[in-house]
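Coordinate inspection notes
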Amino acid sequence: MFARRLLGLVLLLLLLGPALPAGPPALRSGLGIPVSCRLSRAESELRCRVPGGKLCNDRGRCECGVCICQVTEPGKYYGPLCECHDWVCETYDGKICAGHGKCDCGKCKCDEGWHGEACQYPTTCNLTRRKSNEMCKNSQDVICSGAGTCQCGRCKCANSEGNGLVYGKFCECDDRECIDDETGEICTGHGKCYCGNCYCEAGWHGDKCEFQCDITPWEIKKRCTSPDGKICSNRGTCVCGECTCHDVDPTGDWGDIHGDTCECDERNCKAVYDRYSDDFCSGHGQCNCGRCDCKEGWTGKKCEHPHLCPMSVEESTKKCQGNSNLPCSGRGK
């Protein structure tokens, strides 16, 4: 009996043997490579490096020549070099693969009857040429914004070099406008381009982020903040600590909006706004930083009321009544 139990215990240990840990886990070298790895750091990174020079496409870490991809939400990176992500496929009209295909490792696999990088083109077109062109017109009635061709009611943007810089439902975005003429880089490498416009990193400015500020981002914000705590009073753009105010008089004389932080708005001094009118403060006062300083004998936000009225009550009421049955149409006094 004892021999039979001993034999059963031996067999059980043999069966469980492969599942039991063989020893302590491998220690790490401090370089991200397990001590047990037989590859040098250079050899390990060589196996993890993509043609562009990045390790694991900057989406994971390299351990002994193997990419351990980062898990992100939503979705996750995968593939030998973390090159795949099912959330980075081409979109059309706000839909991944135009809603006519599935995303597989960053590329659209189109459903039957559809083709194109975003599965946006039907294989068989049932539209007339006129109807197709109408669907391709932008808000200015220009077919594909003049930067592409119309294919069955959908724009195919002109990207002869395959750089994808012209895009959008109507090819309305042209990121070539962000390329700096001298460096050839988009936004000179100091910003991001969105639909043909450069959005610069802190400390840089210019149409293509080509100019660097000589003050800190904190000082820039401080100089551009208006007394009410808004950047350029929400009436201008802050560039290197200086506000460029919107709606400046096109003649170049004096802008309607001015001040170090665009805090002065001359339009507040006009009874009816007309940028070419000089009728400030109803002709009875001086406009100072959007506030009327009335002449003697006049009052009101825009100096529209006399202190002493030469009219009788009846004359005043009749003038305010006009063609209405009630003075001020019953909506004022």
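Not measured: the values here are computed from a predicted model. (Residues numbered from 1 in each chain as written. Predicted model: local features only at pLDDT ≥ 70, side-chain atom pairs only at ≥ 80, totals over all residues. Heavy atoms only, no water.)

1. Quick word on unusual backbone geometry
Phi is positive for Cys152, close to 50°, though the residue is something other than glycine. Position of Cys152 relative to the elements: it lies in the loop between β11 (148-151) and β12 (154-157). Unusually for a residue other than glycine, Cys240 sits at a positive phi of about 55°. Locating Cys240 in the fold gives a position in the loop between β19 (236-239) and β20 (242-245). When its relative accessible area of 19% is taken as the criterion, Cys240 is described as buried. (Helix = DSSP H or I, 4+ residues; strand = E, 2+ residues; numbered from the N terminus. Buried < 20%, exposed > 50% of the residue type's maximum accessible area, 1.4 Å probe, protein only.)

2. So, the nonpolar core
Counting residues in each nonpolar core, the largest one holds 7 residues, listed as Cys136, Cys144, Ala147, Cys155, Cys157, Val166 and Cys171. Filtering out sequence-adjacent residues up to four positions away, Cys136 remains in contact with Val142, Ile143, Cys144, Cys150, Gln151, Gly153, Arg154, Cys155 and Phe170. (Core = buried A, V, L, I, M, F, W, Y, C linked by side-chain atoms within 4.5 Å. Contact = heavy atoms within 4.5 Å.)

3. Regarding the side chain of Thr188
Position of Thr188 relative to the elements: it lies in the loop between β14 (173-174) and β15 (191-194). Accessibility expressed as a relative area gives 10% for Thr188, which makes it buried. Here the side chain of Thr188 touches Cys209 through a polar contact of 2.7 Å, landing on its backbone oxygen. (Polar contact = N/O pair within 3.5 Å; in protein donor to acceptor, adjacent residues only side chain to side chain.)

4. Thoughts on the state of the cysteines
Following the criterion strictly, the structure yields 24 disulfides and no others. The disulfide bridge from Cys97 ends at Cys108, spanning 2.1 Å between sulfur atoms. Because the sign of the S-S torsion sets the handedness, a value of about -90° for the bond joining Cys97 and Cys108 places this disulfide among the left-handed ones. Of the two residues, Cys97 sits in the loop between β6 (95-96) and β7 (101-104) while Cys108 sits in strand β8 (residues 107-110), which places them 11 residues apart along the sequence. As far as burial versus exposure is concerned, Cys97 and Cys108 are alike and both buried. With its sulfur 2.1 Å from that of its partner, Cys125 forms a disulfide with Cys152. (Disulfide = S-S within 2.5 Å.)

5. Description of the pattern of salt bridges
Scanning the entire structure with this criterion turns up 9 salt bridges. The salt bridge involving Asp104 is made with Lys109; its shortest N-O contact spans 3.0 Å. Across the pair Asp174 and Arg176 runs a salt bridge, and its minimum N-O distance is 2.8 Å. Residue classification places Asp174 among the buried residues on the basis of a relative accessible area of 15%. Note on Arg176: relative accessible area 43%, which makes it partly exposed. (Salt bridge = Lys/Arg side-chain N within 4 Å of Asp/Glu carboxyl O.)

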